[in-house]
Amino acid sequence: MSEIKFYSGEQVPLEMHKVRMVQRVYLLPVEERAQRIQIAGYNTFLLQNKDIFLDMLTDSGVNAMSENQYASMLQADDSYAGSETYYRLEAVLKDMFGMEYFLPAHQGRACEHILARLLVKPDSVAVMNYHFTTSKAHIYAMGGTVEEIIIDEGLHINSDLPFKGNMDISKLEEAIARLGKEKISFIRIEAGTNLIGGQPVSMENMRQASKICRRAGIPLVFDASLLSDNLYFIKVREAEYKDTDVIEITREIGSLMDVIYFSARKLGAARGGGILTSDRGMFLQMREMIPLYEGFLTYGGMSVREMEAMSIGLRESLDMDIINQTPIFVEVLCNELIKKGIPVVTPPGGLGCHVDARQFCSHLSQDEYPAGALAAALYLAAGVRGMERGTLSEQRNPDGTEAVSKMELVRLAFPKRVFTLSQVKYVADRLTWLYENRSLIGGLEFEDEPKVLRFFFGRLKPKGNWPNALIRKFREDFGESL
Ligand code: F0G
């Protein structure tokens, strides 16, 4: 399945933008990279940006902004209460989703905190296509648990299903029948399902889920953080929407959901977040929490400049020529790697290219954190920072045993419109070298393990001195080059 639309005669995907501001980056020699990753406890989150050549950790808050976004920031109306900037943002969001109420929050997880406080009771279950780390952590913090009802194929690394992020509708019906309305805190659909490889959800699936939730009287919550990639996939993979305007798609989504929240570090290519609903009761309860946890109701922890840039960024995320760039580049990198036999999640999704570390490092067991080890090895080999999305990103079970992740991935994220095609080719080239030398990659173990969200600041060490062996081989094969 190929969605690449912009080809020249030589099959080059074309960017529908030009670069007018750049940042100098540096590539340290491999020996220095080895020191930096050691200092970082073999955790790519703890690397310093100055030591990184290509930062593919995340797109969060690091997307390239447009000239119109920057220009709008100069016109932001700086006021604690009643800022015009806020009203502009509220109007854009209400127009996009057709919902009645908007509440601002400082980022996506802040919305999750408010929603967990609103909806999660001790021992309740939040049922969802798949969890995201912060959404799950907030539900657990309020005493609830999570049940995932992704379609079985969503967890297969390779597939040609266009919407691997879909909920299994029969599992949804079964969960409601088994748990009952009282025990379910809410049903959550995550657009562009992050942890299974940025896989989209179809409109048809959302429609079915909405019907069931409405019948059962259970709130349906939509995490729209990764909506822009998902909108692209609805347009190109869901035949019924081929000729539908993107704004009509967002409005239809709005009509199906009881609550929509998002991280504007992703959606809208700015920073911040927000919650929308048309339910006055829920709105009033959440409104009480915003000044307590976020800030006054017309800024919610965001600067007016961020809000102004978000308004423009949200409007721009309705333009296919803008939102297609990430999925197209993800597909280019995936195809380059597939050609070399490197295991990646297929079909290519949004957000980034996801390498399957379980297959890549099939000699390692999951409690040796193969995705963490591969992310560290990639920084060593290339100065490229990816993100572990596997067992390390899980929280231990209450009895202290390792909660082995269903997928063991290294995510190579594409901040929107940041990288060039030659940089993408460089990543493919170094990953190919690493794949040829994969037997040299060893496991990791914790030196310092936080209890919650341990992947953010936990420190690890290699099992054995495999980084040295990797450097030696690098020097043999690449000579003097960096
Ligand atoms: N939901 C999803 C689907 C996300 O991907 C994220 C963040 C959040 C919620 C939380 O939003 O960071 O603004 O608090 N994802 C980032 C990532 C961290 O790198 O994928 P936040």
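Residues numbered from 1 in each chain as written. Predicted model: local features only at pLDDT ≥ 70, side-chain atom pairs only at ≥ 80, totals over all residues. Heavy atoms only, no water.

(A) Spotlight on the overall build of the chain. Per the secondary structure count, the chain includes 18 helices and 14 strands. The C-alpha atoms of the chain give 22 Å as radius of gyration, which agrees with the globular expectation for 482 residues (23 Å, within 12%). Across its three principal directions, the C-alpha atoms of the chain cover 65 × 55 × 45 Å. Looking at the 482 residues of the chain, the share that counts as buried comes to 60%. (Helix = DSSP H or I, 4+ residues; strand = E, 2+ residues; numbered from the N terminus. Rg over C-alpha atoms; globule rule 2.2 N^0.38 Å. Buried < 20%, exposed > 50% of the residue type's maximum accessible area, 1.4 Å probe, protein only.)

(B) Region of interest: the pattern of salt bridges. Per the counting criterion, the structure on display carries 33 salt bridges. Here Arg-207 and Glu-240 are joined by a salt bridge, their closest N and O atoms 3.1 Å apart. Taken together, the residues Arg-207 in helix α7 (residues 203-216) and Glu-240 in the loop between α8 (227-237) and α9 (246-256) connect sequence positions 33 residues apart. Assessed through its relative accessible area of 28%, Arg-207 is described here as partly exposed. For Arg-454, the salt bridge identified is with Glu-449, shortest N-O distance 2.8 Å. Shared partners join several salt bridges into a network, and the residues in it are Glu-32, Arg-36, Lys-50 and Asp-51. (Salt bridge = Lys/Arg side-chain N within 4 Å of Asp/Glu carboxyl O.)

(C) Just the site of the ligand, in detail. Around the ligand, 16 residues are found, and the nearest of them are Thr-58, Arg-109, Asp-223, Ser-263 and Arg-411. In the model, an oxygen atom of the ligand is placed 2.8 Å from a nitrogen or oxygen of the Gln-107 side chain. Between the ligand and Ser-263, the relevant distance is 2.6 Å, taken from an oxygen atom to a side-chain nitrogen or oxygen of the residue. Starting from 470 Å² of accessible surface for the ligand in isolation, the protein chains cover 96%. By residue number, the principal contributor to the shell around the ligand is helix α4 (residues 108-119), which donates 3 residues. For the shell around the ligand, the per-class residue count stands at 2 nonpolar, 7 polar and 7 charged. (Near = heavy atom within 4 Å. Polar contact = N/O pair within 3.5 Å; in protein donor to acceptor, adjacent residues only side chain to side chain. Areas by Shrake-Rupley, 256 points an atom, 1.4 Å probe, with all protein chains shown as cover. Nonpolar A, V, L, I, M, F, W, Y, C, P; charged D, E, K, R; others polar.)

(D) Just the sheet that holds strand β7 (residues 259-263), in detail. Read across the open sheet, the 7 strands follow the order β2-β8-β7-β6-β5-β3-β4; overall the sheet is mixed. Either end of the sheet is taken by a strand with one partner, and the two such strands are β2 (101-105) and β4 (145-148). Strand-to-strand twist of the sheet, defined as the mean angle between neighbouring strand axes without regard to direction, takes the value 25°. Pairing geometry for strand β5 (residues 184-190) and strand β6 (residues 220-223), over 4 bridges, is parallel. Paired with Ile-189 across the two strands is Phe-222, which belongs to β6. Helix-sheet contacts for helix α3 (residues 84-97) involve β2, β7 and β8 (273-277), and the interaxial angle to β2 is about 125°. Most of the contacts of helix α10 (residues 280-293) go to β2, to which it runs at about 25°, and overall it touches β2, β7 and β8. (Pairing = 2+ DSSP bridges. Axes fitted to C-alpha atoms, helices over the stretch in contact; angles between N-to-C directions. Contact = heavy atoms within 4.5 Å.)

(E) The sheet that holds strand β11 (residues 387-389), seen in detail. Sheet architecture is open: 3 strands sit in the order β9-β12-β11, paired in antiparallel fashion. Only two strands of the sheet have a single partner each, and these edge strands are β9 (352-356) and β11. On average, each strand axis in the sheet is tilted by 30° relative to the strand beside it, whichever way the strands run. As paired elements, β9 and strand β12 (residues 409-413) share 5 bridges and run antiparallel to each other. By the bridge assignment for β12, Asp-356 is matched with Leu-409. Helix-sheet contacts for helix α15 (residues 370-382) involve β9, β11 and β12, and the interaxial angle to β12 is about 40°.

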